[in-house]
Amino acid sequence: MIHMKFTPRDINRFLLFKLPSAWISGIRLKSISDTQAVVTAKHQWINQNPFQSMYFAVLAMGAELSTGILVMKKIQDSGKQISMLVTGTRGEFTKKARGKIRFICDDGALIDAKIQQALTTGEGVQFELTSKAYDEADDLVCTFVFQWSVKEKRKK
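The notes below deal with the structure included here.

About the thresholds
- Residues numbered from 1 in each chain as written.
- Predicted model: local features only at pLDDT ≥ 70, side-chain atom pairs only at ≥ 80, totals over all residues.
- Heavy atoms only, no water.
- Core = buried A, V, L, I, M, F, W, Y, C linked by side-chain atoms within 4.5 Å.
- Buried < 20%, exposed > 50% of the residue type's maximum accessible area, 1.4 Å probe, protein only.
- Helix = DSSP H or I, 4+ residues; strand = E, 2+ residues; numbered from the N terminus.
- Contact = heavy atoms within 4.5 Å.
- Phe/Tyr/Trp six-rings, centres within 6.5 Å; stacked < 30°, edge-to-face > 60°.
- Polar contact = N/O pair within 3.5 Å; in protein donor to acceptor, adjacent residues only side chain to side chain.
- Pairing = 2+ DSSP bridges.

Ranked by size, the top nonpolar core spans 40 residues in total, and within it Leu59, Ile69, Ile101, Phe103 and Val150 carry the most contacts. Elements supplying a minimum of two residues to this core: helix 1 (8-18), strand 1 (28-32), strand 2 (37-42), helix 3 (56-78), strand 4 (100-105), helix 4 (108-121), strand 5 (125-134) and strand 6 (140-152). When residues of this core are assigned to their parent elements, the largest contribution, nine residues, is made by helix 3. Not counting residues within four places of it along the chain, the set of residues in contact with Ile101 comprises Val39, Thr40, Ala41, Met54, Leu59, Ala133, Tyr134, Asp135 and Val141.

Below, the structure written as structure tokens:
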């Protein structure tokens with residue numbers, strides 16, 4: 001795992017160099033705490049679909065980042081070598097995504113519990129994290145659920 005500061009500035013720089021498609025699409029970390037991550041993306045020409053709204057893949061990237069960055073932070077906070085992997089996803093779309101979209105994941109406490117479970121049992125643990133996306137009117141645009149797997153890396 002890469003050791004980094006979990007500030008919006010540092011994570012957004014990380015996106016530029018490690019996830020350039022997300023950065024080019026306008027995805028940015030707005031805030032992160034022990035319990036929540038907020039990611040934003042603004043509908044613009046580079047990330048639109050033919051229906052004048054944000055392309056679903058951009059929505060998926062923003063949602064995934066809001067869950068994954070919390071997992072990365074919790075792993076770093078643990079001080080342990082833990083692998084992480086997305087093992088599944090599903091999404092539900094409720095409104096066209098236009099304007100500035102906020103992706104919110106509030107599952108920090110669940111991540112803590114699942115990482116502790118993986119460290120205690122020595123086994124891989126799978127769990128689901130939810131990201132909800134809202135437009136500027138605070139209307140729900142979409143909901144994504146990502147299944148994550150974490151496991152402590154064994155020393156050889």
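Additional details are given in the paragraphs that follow.
Relative to the assigned elements, Thr130 resides in strand 5. Classification of Thr130 as partly exposed rests on a relative accessible area of 27%. Along the chain, Thr130 and Phe146 lie 16 residues apart, while their C-alpha atoms are 6.5 Å from each other. Excluding residues that lie within four positions of it along the chain, Thr130 makes contacts with Thr67, Ile104, Cys105, Asp106, Asp107, Thr143, Phe144 and Val145.

According to the stated counting rule, one finds three aromatic pairs in the structure shown. Seen from their ring centres, Phe93 and Phe144 are 5.5 Å apart, and the 85 degrees between their planes marks the pair as edge-to-face. Separated by 51 residues along the polypeptide, Phe93 in strand 3 (residues 82-93) and Phe144 in strand 6 bring together distant segments of the chain. For Phe93, a relative accessible area of 45% translates into the label partly exposed.

What follows covers the side chain of Ser131. Relative to the assigned elements, Ser131 resides in strand 5. Judged by relative accessible area, Ser131 falls into the buried class, the value being 1%. A polar atom in the side chain of Ser131 sits 2.8 Å from the side chain of Ser66. With residues up to four places along the chain from it excluded, the contact list for Ser131 reads Ala63, Ser66, Thr67, Phe103, Ile104, Cys142, Thr143 and Phe144.

Our focus in this paragraph is the pairing of strand 1. Bridge count for strand 1 against strand 2 is four bridges, and the pairing is antiparallel. By the bridge assignment, Arg28 is partnered in strand 2 with Thr40. The antiparallel hairpin formed by strand 1 and strand 2 contains four residues in its connecting segment.

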